[in-house]
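Commentary on secondary and tertiary structure
Chain by chain, the residues run as shown.
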Amino acid sequence: MILGSFGDELCVCDWRYRKMRAEIDERICKGLSAEYREEHSPVVEQAILQLNEYFQKSRKVFELPFLLVGTEFQKQVWDELQKIPFGQTITYLGLSRRLGNERAIRAVAAANGANAISIIVPCHRVIGSKGELTGYAGGLLAKRKLLELEGSQPDLFNSPRR
């Protein structure tokens, strides 16, 4: 994973090797009028600590200042993702309904896929309508492992391991 901050806020917590890496990096740099550079950041250190606690099953909620960089629609989707409790899932259709427009399911899925603060903004908790694992920047195996770590019912996931 790569982690990045802008000011005192986390702006990237994402999978290093993902299909949309260049697009997401460009969106963040343009949106913040900034460029990436490697240096120490207290919020990144705090994020590492909290992610380690999450992976050790001693943290269910992240307490970090973060900055969402995207369109207003993307930010609405990402805000709604944060309302999905630890250990629970929602379908893309369910998420679209929560946002008040079930016909926007493809746009909701695209915004979900453009999330640059993975795990902390839990896009991994969104699954297909029949309980199948679909699309995840870190890959379906990572998505499955995150959901299993959170105690989601693995027998609900119909898709083969990839």
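Provided above is the structure to which this section pertains.
Everything in this summary refers to the structure shown in the same document. (Residues numbered from 1 in each chain as written. Predicted model: local features only at pLDDT ≥ 70, side-chain atom pairs only at ≥ 80, totals over all residues. Heavy atoms only, no water.)

A few words now on the overall build of the protein. Tallying secondary structure elements over the protein gives six helices and four strands in all. When the helices and strands of the protein are placed in sequence order, the string is β-β-α-α-α-β-α-α-β-α. Along the first, second and third principal axes, the C-alpha set of the protein runs to 45 × 35 × 25 Å. Expressed as a percentage of its 162 residues, the buried residues of the protein come to 44%. Within the protein, contacts between residues at least 6 apart in sequence are counted, and of these 59% link residues at least 24 apart. For the protein, the accessible area works out to roughly 9100 Å², and carbon and sulfur atoms hold 51% of it. Within the protein, one finds 23 positive and 20 negative side-chain charges whose respective centroids are separated by 9 Å. (Helix = DSSP H or I, 4+ residues; strand = E, 2+ residues; numbered from the N terminus. Buried < 20%, exposed > 50% of the residue type's maximum accessible area, 1.4 Å probe, protein only. Contact = heavy atoms within 4.5 Å. Areas by Shrake-Rupley, 256 points an atom, 1.4 Å probe, with all protein chains shown as cover. Lys, Arg positive; Asp, Glu negative; His and termini not counted. Charge placed at Lys NZ, Arg CZ, Asp CG, Glu CD.)

This next bit is on the nonpolar core. Counting residues in each nonpolar core, the largest one holds 32 residues, and the members touching the most others are L10, L81, I119 and I120. The dominant element in this core, judged by the number of residues it contributes, is helix α2 (residues 42-55), at five residues. Residues contacting I120, with those up to four places away along its chain left out, are L10, C13, L51, F62, L64 and F66. In terms of nonpolar packing, the next biggest core, distinct from the first, is built from eight residues, I2, C11, I28 and V69 among them. (Core = buried A, V, L, I, M, F, W, Y, C linked by side-chain atoms within 4.5 Å.)

The tally for this structure, following the rule as stated, stands at four aromatic pairs. Seen in terms of ring centroids, Y54 and F55 are 5.2 Å apart; in terms of plane orientation they differ by 75°. Their pairing is edge-to-face. On the basis of relative accessibility, which here comes to 0%, the residue Y54 falls in the buried class. With a relative accessible area of 41%, F55 lands in the partly exposed category. Residues Y54 and F62 carry aromatic rings whose centres are separated by 5.5 Å and whose planes lie at 40° to one another, so their mutual orientation is tilted. Taken as a pair, Y54 and F62 share a single burial class, namely buried. (Phe/Tyr/Trp six-rings, centres within 6.5 Å; stacked < 30°, edge-to-face > 60°.)

Counted according to the given criterion, the structure contains 10 salt bridges. For R21, the salt bridge goes to D14, with nearest N and O atoms at 3.2 Å. You'll find R21 and D14 in the same group, each marked buried. When salt bridges with common partners are traced through the structure, they connect D14, R18, R21 and D25 into a single cluster. (Salt bridge = Lys/Arg side-chain N within 4 Å of Asp/Glu carboxyl O.)

Now for the state of the cysteines. Evaluation of the coordinates by the stated rule reveals zero disulfides. The thiol of C123 is not disulfide-bonded; the next cysteine sulfur, from C13, is found 9.8 Å away. (Disulfide = S-S within 2.5 Å.)

What follows concerns helix α5 (residues 105-113). Side chains three or four residues apart in an α-helix point the same way, a direct result of the helix having 3.6 residues per turn. Burial in α5 covers these residues: V108, A111 and N112. Down the axis of α5, the smallest arc covering the buried residues is 105°, so these residues share one side. (Arc of directions from axis to C-beta.)

Here the focus is the packing of helix α3 (residues 72-81) against α5. For the pair α3 and α5, interaxial distance at closest approach is 9 Å and the crossing angle is 75°. Of the possible angle classes, the one that applies to α3 and α5 is roughly perpendicular. Each of F73, Q74, V77, W78 and L81 in α3 lies in contact with α5, whose residues at this interface are A107, V108, A111 and N112. When the residues that make up the contact of α3 with α5 are grouped by side-chain class, the tally is seven nonpolar, two polar and no charged. (Axes fitted to C-alpha atoms, helices over the stretch in contact; angles between N-to-C directions. Parallel < 35°, antiparallel > 145°, perpendicular 65-115°, else oblique. Nonpolar A, V, L, I, M, F, W, Y, C, P; charged D, E, K, R; others polar.)

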